[in-house]
Amino acid sequence: MADVFNWQLGRDMQYPYQAERPARQIAWIFDTNKCIACQTCTVACKSTWTSGTGQEYMLWNNVETKPFGFFPTGWDVELLNLLGPAKWEGGVSTGNTVFESAPAGERVNGWLPTSEHWAHPNIGEDEPSGPVERGTYIDKLPHDTWFSYLARICNHCTYPACLAACPRQAIYKRPEDGIVLVDQERCRGYQECVAACPYKKVMFNNESRVSEKCIACFPKIEQGIQPQCVTSCIGRIRIASFISAPETVNPQSPIDFLVKVRKVALPLYPQAGTEPNVYYIPPIHAPREYLRQMFGPNVDEAVETYQQIAADDELLGLMMLFGSTERIMHSFAVKDGIATGYDEDGTELVSVPLREPTFIREYFDEVHNTYRQNIT
Amino acid sequence: MTSEHEQTPDAPQAVSRRSFLTKAAGAAAVGTTLAVGIGLRELTRPEPPTHLVAHRAGTIPLDPEDRAWTRLAKWPVPMLLQNLATPFAPELVVPEISVRALHNGDQIAFHIEWEDAGEDAIDAMARFRDAVAVQLPVDPAANAAVTMGATNQPVHIMQWRAAWQADVDLGRRGVKDAFPNMYHDAPPEALMGEEAARQFYPAVVAGNPMARRDRTSPVDDLIAVGFGSLTTHEEQTANGRGVFTGKGWRVVIITPLQPGADKTRLSPGITTSIAFAVWNGGAGNRGARKQWANWSPLEIET
Ligand code: SF4
Ligand code: SF4
């Protein structure tokens, strides 16, 4: 075991290998508030990568309804059971990670889902947190009865539990972009990674008899294009780009800006200790207690900042750039009501207005002597 | 026994057992006047084997139920929990295996038998297969580490898996066998034919032996230089056959005595070391979660 720094925990932690941060790390932001659970991302991923025999129930991307949806069934409940309630003191996690709480003889504190757990990919879809009583109406926020969508992919963790668990080092993290891959030549199908991943994002191929996982669409990333789940997203909730190392903040970087400057995007179950690289803007109308459990102690600040977005041109401008280009946006700038995204060389990729021009028409159309249904 | 063995720290049981027997025989001779009856009865009984001997035979049957195998005396091998390298096997589910060996000057074969209440021959999500492996030092005279070898101490491992046996006996097993009611509306094979559909199986394209579809042997030749280093040998020469008897497995693993570069190099008349590992898939055994045995001497009859 080595001591490595996990900035999401605010402390050093134990990991089986020395820290070796990649030259750069691919990262994602998902704005849960905009997700409509259309599953276009799921289908884009599935039809690109996992339509083979043996991959029937393999969804590298899935979108689940919280609190009662999950894939595989109960993955987060099991994780919380294994780790116990998260403990934070002054922004520092004082609980044990999946590495630190590993029982004797194990590398990672994990559990292995059965085929039954994988058999219900969209269980709990659109199920609210409780029955909507007669007379219930939405008169306050957060709502008493609620649900929200959680889109999930592999987090391409800085300290992957899947990698730590493999006894034959068949999982590796690419030094050039931090993408975590299962070596399809070396894997012998032990499924240790499946048991270890706290997010259950390594899956077993029943036909090939090896483990497989999200590859972050690396052939696209290598060409400067964002992954399928990002470019196909109907709700424009996603962006993929690079995050700087913990000690560096680049305010022009879309990821750094959202994670480190405005701090509106947070890691999912950071207490597991893998330093996941998918960051979520929490669903602002879900109960805070539940959100703190999911995203850690900085939820309140994140939600409040996001709620002030109308007065925050930079934040608003960046959110408008989501889903506006296929290319990886390395930097952005907001000026005179226009947000612009740039590629690695500083070449402009796209410009969008912060506010779409709106024109409001009269209710009554005098020319046609009729009322209008749509006035904007 | 070669002098190398007497220096092998990993094989103390066999050495001390032999010297113990020699001393015991001397003690018995001294003690004859005191306990003649008991001494005589002891001495006329055939001595139990002190180590594994590969007896010379004309032909070696691949069928583990063949009488040429079952009439041979069994060499019991106590198994240990793998708890040296994580992840550990949590529980000793196969405490003992029994081994027999035959050779014909060209090939050597091991007949391994163990008790197992259930047959686990399916390789699928959260389901693991029964398996057994034989380990031989690449240099038969070397003191290779029993821990799957070490740097400069390579070992040759031959692993039989129940799932591979099913592949050989019944044709490549797949998702349809693990989940007979699985429905797939548009499998790539049906859309574009087997050859074009290969691209949907990266492990197949990468040549991963786990994904092999044309398996003719249920045994793989592997080389290792320590835990986690197990690598399938480019040239496959081992064969075998396993049968589930209802009470357990009987498995034959057969290899040429001289199977080629980087593999073991055996010949009649030598004594080398042999070690074993066994997995009970139903108990979640796979990879490092296994039972293993320390080196024991293996004598190959002239
Ligand atoms: S999310 Fe799971 S599969 Fe992905 S890198 Fe992290 S531990 Fe590995
Ligand atoms: S495509 Fe976008 S909006 Fe649709 S489910 Fe996926 S993440 Fe949500």
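Everything below is about the structure printed above this text.
What counts and how
Residues numbered from 1 in each chain as written. Chains lettered and ligands numbered in written order. Predicted model: local features only at pLDDT ≥ 70, side-chain atom pairs only at ≥ 80, totals over all residues. Heavy atoms only, no water. Near = heavy atom within 4 Å. Nonpolar A, V, L, I, M, F, W, Y, C, P; charged D, E, K, R; others polar. Phe/Tyr/Trp six-rings, centres within 6.5 Å; stacked < 30°, edge-to-face > 60°. Helix = DSSP H or I, 4+ residues; strand = E, 2+ residues; numbered from the N terminus. Buried < 20%, exposed > 50% of the residue type's maximum accessible area, 1.4 Å probe, protein only. Lys NZ or Arg CZ within 6 Å of the ring centre and 35° of its normal. Pairing = 2+ DSSP bridges. Axes fitted to C-alpha atoms, helices over the stretch in contact; angles between N-to-C directions. Contact = heavy atoms within 4.5 Å. Buried area = accessible area lost by both parts, 1.4 Å probe. Salt bridge = Lys/Arg side-chain N within 4 Å of Asp/Glu carboxyl O. Polar contact = N/O pair within 3.5 Å; in protein donor to acceptor, adjacent residues only side chain to side chain. Core = buried A, V, L, I, M, F, W, Y, C linked by side-chain atoms within 4.5 Å. Arc of directions from axis to C-beta. 1 Å grid on protein atoms, 1.4 Å probe; cavity = no way out; pocket = protein on both sides within 12 Å on 5 of 7 lines; lining within 4 Å. Points joined across faces, edges and corners; volume = space filled by probe spheres on them.

## As for the site of ligand 2
Then comes step 1: Surveying the vicinity of ligand 2 reveals 13 residues, the closest of which are A:Cys35, A:Cys38, A:Gln39, A:Cys41 and A:Cys233.
Then comes step 2: Taken together, the residues that form the shell around ligand 2 break down as nine nonpolar, three polar and one charged.

## Here we look at the packing of aromatic side chains
Then comes step 1: Throughout the structure, instances matching the rule amount to 16 aromatic pairs over all chains.
Then comes step 2: Relative to B:Trp249, the ring of B:Trp160 lies with its centre 4.9 Å away and its plane at 65 degrees, an arrangement referred to as edge-to-face. You can see B:Trp160 sitting in strand β7 (residues 155-161) and its partner B:Trp249 sitting in strand β11 (residues 248-256), a full 89 residues away along the chain.
Then comes step 3: Note on B:Trp249: relative accessible area 3%, which makes it buried.
Then comes step 4: On the basis of an interplanar angle of 65 degrees and a centroid distance of 5.1 Å, the ring pair of B:Phe244 and B:Trp249 is categorised as edge-to-face.
Then comes step 5: Members of the aromatic cluster, each reached through a chain of ring pairs, are A:Tyr15, A:Tyr17, A:Phe99 and A:Tyr159.
Then comes step 6: Across from the ring centre of A:Phe242, 4.0 Å away, lies the NZ or CZ of A:Arg24, which sits over that ring.

## Focus: the pairing of strand β16 (residues 338-342) of chain A
All names here are of chain A.
Then comes step 1: Where strand β15 (residues 331-335) and β16 come together, five bridges link them in antiparallel fashion. Across the sheet, residue phenylalanine 332 finds its bridge partner in β16, namely glycine 341.
Then comes step 2: Taking the residues that link successive antiparallel strands as the turn, the β15-β16 hairpin has two residues, and the phi of aspartate 336 there is positive, at about 50 degrees.
Then comes step 3: Looking at chain direction, β16 and strand β17 (residues 348-353) are connected through five bridges and run antiparallel. The residue bridging glycine 341 from the neighbouring strand is valine 350, located in β17.
Then comes step 4: Linkage of β16 to β17, two consecutive antiparallel strands, is achieved through a turn of five residues, within which glycine 346 is found at a positive phi near 85 degrees.

## What to know about the sheet that holds β17(A)
All names here are of chain A.
Then comes step 1: On the basis of which strands lie adjacent, the open sheet formed by three strands has the order β15-β16-β17 and antiparallel pairing. Looking along the sheet, the strands with just one partner apiece sit at the ends: β15 and β17. If you compare each strand with its neighbour and ignore which way they point, the axes differ by 20 degrees on average.
Then comes step 2: Against the sheet, helix α10 (residues 313-321) touches β15, β16 and β17, its axis set at about 125 degrees to β15.

## Concerning the interface of chain A and chain B
Then comes step 1: Residue-level contacts link 33 residues of chain A with 45 residues of chain B.
Then comes step 2: Summing the contributions of chain A and of chain B, the shared interface buries around 3,400 Å²; its carbon and sulfur component is 49%.
Then comes step 3: The largest per-residue losses of area from chain A upon contact with chain B belong to A:Arg188, A:Asn206 and A:Arg209, which jointly make up 24% of the total buried on that side.
Then comes step 4: At the surface where chain A touches chain B, the tally comes to four salt bridges.
Then comes step 5: Across the salt bridge formed by B:Arg286 and A:Glu192, the nearest N and O atoms sit 3.6 Å from each other.
Then comes step 6: The interface formed by chain A and chain B holds 22 residue pairs in polar contact (both at pLDDT 80 or more) in total.

## Looking at the side chain of B:His111
All names here are of chain B.
Then comes step 1: With respect to the helices and strands, histidine 111 occurs in strand β5 (residues 107-115).
Then comes step 2: Polar side-chain contacts of histidine 111 include one of 2.8 Å to the backbone oxygen of proline 64.
Then comes step 3: Discounting chain neighbours no more than four positions away, the residues touching histidine 111 are Pro64, Trp69, Ser98, Val99, Arg100, Arg250, Val251 and Val252.

## Observations concerning the pattern of salt bridges
In a structure, side chains of opposite charge can pair up when their charged atoms sit close to one another.
Then comes step 1: Considering all chains together, one arrives at 33 salt bridges over all chains under this definition.
Then comes step 2: The residue A:Glu192 makes a salt bridge to B:Arg289 at a minimum N-O spacing of 2.8 Å. Residue A:Glu192 is found in helix α4 (residues 192-196), and its partner B:Arg289 is found in the loop between β12 (271-279) and β13 (291-292); the two belong to separate chains.
Then comes step 3: Among the ionic pairs, B:Asp220 bridges to B:Arg215, the shortest N-O distance being 3.0 Å. In this pair, the class of B:Asp220 matches that of B:Arg215, namely buried.
Then comes step 4: Each of B:Glu65, B:Lys74, B:Arg100, B:Glu113 and B:Arg250 takes part in one network of salt bridges that share partners.

## A look at the sheet that holds strand β3 (residues 25-31) of chain A
All names here are of chain A.
Then comes step 1: If you walk across this open sheet you meet the four strands as β12-β3-β14-β13, and the pairing is mixed. In this open sheet, the two strands that pair with only one neighbour each are β12 (238-243) and β13 (266-267).
Then comes step 2: Note: β13 against strand β14 (residues 278-281), two bridges, orientation antiparallel. Considered in β14, the bridge of proline 267 is made with tyrosine 279.

## Notes on the site of ligand 1
Then comes step 1: Around ligand 1 sit A:Cys154, A:Asn155, A:His156, A:Cys157, A:Pro160, A:Ala161, A:Cys162, A:Val180, A:Cys197, A:Tyr199, A:Val202 and A:Lys213, and that is every residue in its neighbourhood.
Then comes step 2: Taken together, the residues of the shell around ligand 1 break down into nine nonpolar, two polar and one charged.

## Focus: the nonpolar core
The nonpolar side chains of a soluble globular protein tend to be buried with one another.
Then comes step 1: Counting 121 residues, the largest nonpolar core has A:Trp28, A:Ile29, A:Phe99, A:Leu258, A:Leu268 and A:Phe295 as the members making the most contacts within it.
Then comes step 2: Apart from residues lying up to four places away in sequence, A:Phe295 is in contact with A:Leu150, A:Leu266, A:Pro267, A:Leu268, A:Pro270, A:Tyr280, A:Pro282 and A:Pro283.
Then comes step 3: Core analysis: the second largest hydrophobic core is formed by 33 residues, B:Met158, B:Trp160, B:Leu257 and B:Leu266 among them.

## Considering helix α7 (residues 188-197) of chain B
Then comes step 1: When α7(B) is considered as a whole, its buried residues turn out to be B:Pro188, B:Glu189 and B:Ala197. Down the axis, α7(B) shows its buried residues gathered within 70 degrees of arc, on one side only.

## A look at empty space enclosed by the protein
Residues and elements named next belong to chain A.
Then comes step 1: Tallying each qualifying case throughout the model produces seven cavities of 30 Å³ or more.
Then comes step 2: Cys45, Cys214, Ala216, Cys217 and Cys229 are the residues nearest the centre of the largest cavity, which is lined by 13 residues in total.
Then comes step 3: Those elements giving two or more residues to the lining of the largest cavity turn out to be α1 (40-49) and α6 (228-231).
Then comes step 4: When its residues are assigned to classes, the lining of the largest cavity shows eleven nonpolar, two polar and no charged.

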